[in-house]
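Letter by letter, the chains look like this.
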Amino acid sequence: VARQFSRLLGTNSTVRDGMAQLLRAEDWRVRLSAVEAFAGADIDILRNMVAELVSVIDDCRGLDSWPARIEAAEVMLNDYHHSGTAVQTMLLALDYGTHPLVFVQGSEYVRRQAAVALGSLKAERRDPLVLARLERVLAEETDPQVLDGAFNALVSLIAAPELE
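Here the structure is a predicted model, which means the values were calculated and not measured.

### A few points about the overall build of the protein chain
What the protein chain contains, in helices and strands, is ten helices and zero strands. Secondary structure elements of the protein chain occur, N-terminal to C-terminal, as α-α-α-α-α-α-α-α-α-α. Taking 15 Å as the expected radius of gyration for a compact globule of 164 residues, we find that the protein chain reaches 16 Å, a close match to that expectation. A principal-axis box enclosing the C-alpha atoms of the protein chain has dimensions of 50 × 45 × 25 Å. Roughly 9,200 Å² of accessible area belongs to the protein chain as shown, and the carbon and sulfur atoms make up 54% of that amount.

As structure tokens, this is what we get:
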């Protein structure tokens, strides 16, 4: 549903302003929906929303804010100024729920979402730490979906042409 709002963001300022307010909602699910709407918007709309999207990356309100944080980080992943923050958020998410004394239901979804998002890093933003962390995920992870996401991300990053 949120992605359908993406088309309206460029033409309807009331919808755009309302969706921008939802980026500050207390409930992470509402923030996630708002980020998803902006993720599908035109680049000009995204340029105007950079500060708000970065604030969602750091917003830890709610019992499980990771999906909204990862979605916002994915939108900013290849941004010149905010890529580092976005990558660090993804790397932290790869550890979510992995401690042997902690069981978090659905934590594999968070780790998979982060691994898949890292696969969309552009060559000029590619970092050896990301490659090493994804390799570690392949060695340590037990969830097949997370392994699949990490493998595909690693293949995507390795296959990207080298910068000269």
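Anyway, onward from the coordinates.
### So, the nonpolar core
Within the largest apolar cluster, 47 residues are counted, with the highest numbers of intra-cluster contacts made by F38 and L134. Look past the residues within four positions of L134 in its chain and what remains in contact with it is L94, A115, L118, A150, A153, L154 and L157.

### Digging into a nonpolar patch on the surface
A cluster of nonpolar residues, L138, F151 and V155, forms a patch on the protein surface that exposes about 240 Å² of accessible area. Here L138 shows up in helix α9 (residues 128–140).

### Considerations on the packing of helix α5 (residues 50–57) against helix α6 (residues 66–76)
Running from N to C, α5 and α6 cross one another at 140°; their axes reach a closest spacing of 7 Å. Considered as vectors, α5 and α6 are oriented oblique to each other. Crossing hand, α5 versus α6: left-handed. Contacts between α5 and α6 pair V50, L53, V54, V56 and I57 from the former with A68, R69, A72, A73, V75 and M76 from the latter. Looking at the contact of α5 with α6 residue by residue, the class counts come to ten nonpolar, no polar and one charged.

### Here we look at the packing of helix α3 (residues 28–39) against α6
Look at α3 against α6: their axes get within 8 Å of each other, and the N-to-C directions meet at 20°. Relative to α6, α3 is oriented roughly parallel. Between α3 and α6 the crossing geometry is left-handed. Seen from α3, the contacting residues are W28, R31, L32, V35, E36 and A39; seen from α6, they are P67, A68, E71, A72 and V75. Here the residues of the contact of α3 with α6 are counted per class, giving eight nonpolar, no polar and three charged.

### A look at the pattern of salt bridges
Under the definition given, this model contains seven salt bridges. By sharing partners, the salt bridges in this structure join D95, R133, R136 and E140 into a single network.

### Points about helix α10 (residues 144–159)
For α10, which comprises 16 residues, the first-to-last C-alpha distance of 22 Å matches the rise-based estimate of 22 Å (1.5 Å per residue) to within 8%. Looking only at α10, the buried set comprises V146, G149, A150, A153, L154 and L157. When α10 is viewed along its axis, its buried side chains cluster within an angular range of 130° and face the same direction. Residues of α10 that are exposed and angled more than 90 degrees away from the buried face: P144, Q145, I158 and A159. Buried residues along α10 sit in contact with α8 (107–118) and α9. Capping the start of α10, D143 holds a side-chain oxygen 3.0 Å from the backbone nitrogen of Q145, two or three residues further along.

Procedures and definitions
- Residues numbered from 1 in each chain as written.
- Predicted model: local features only at pLDDT ≥ 70, side-chain atom pairs only at ≥ 80, totals over all residues.
- Heavy atoms only, no water.
- Helix = DSSP H or I, 4+ residues; strand = E, 2+ residues; numbered from the N terminus.
- Rg over C-alpha atoms; globule rule 2.2 N^0.38 Å.
- Areas by Shrake-Rupley, 256 points an atom, 1.4 Å probe, with all protein chains shown as cover.
- Core = buried A, V, L, I, M, F, W, Y, C linked by side-chain atoms within 4.5 Å.
- Buried < 20%, exposed > 50% of the residue type's maximum accessible area, 1.4 Å probe, protein only.
- Contact = heavy atoms within 4.5 Å.
- Patch = residues over 30% accessible without salt bridge, like charges linked within 9 Å, V, L, I, M, F, W, Y side chains within 5 Å.
- Salt bridge = Lys/Arg side-chain N within 4 Å of Asp/Glu carboxyl O.
- Axes fitted to C-alpha atoms, helices over the stretch in contact; angles between N-to-C directions.
- Parallel < 35°, antiparallel > 145°, perpendicular 65-115°, else oblique.
- Left-handed = near helix turned anticlockwise from the far one by under 90°.
- Nonpolar A, V, L, I, M, F, W, Y, C, P; charged D, E, K, R; others polar.
- Expected span 1.5 Å × (residues − 1).
- Arc of directions from axis to C-beta.
- Polar contact = N/O pair within 3.5 Å; in protein donor to acceptor, adjacent residues only side chain to side chain.

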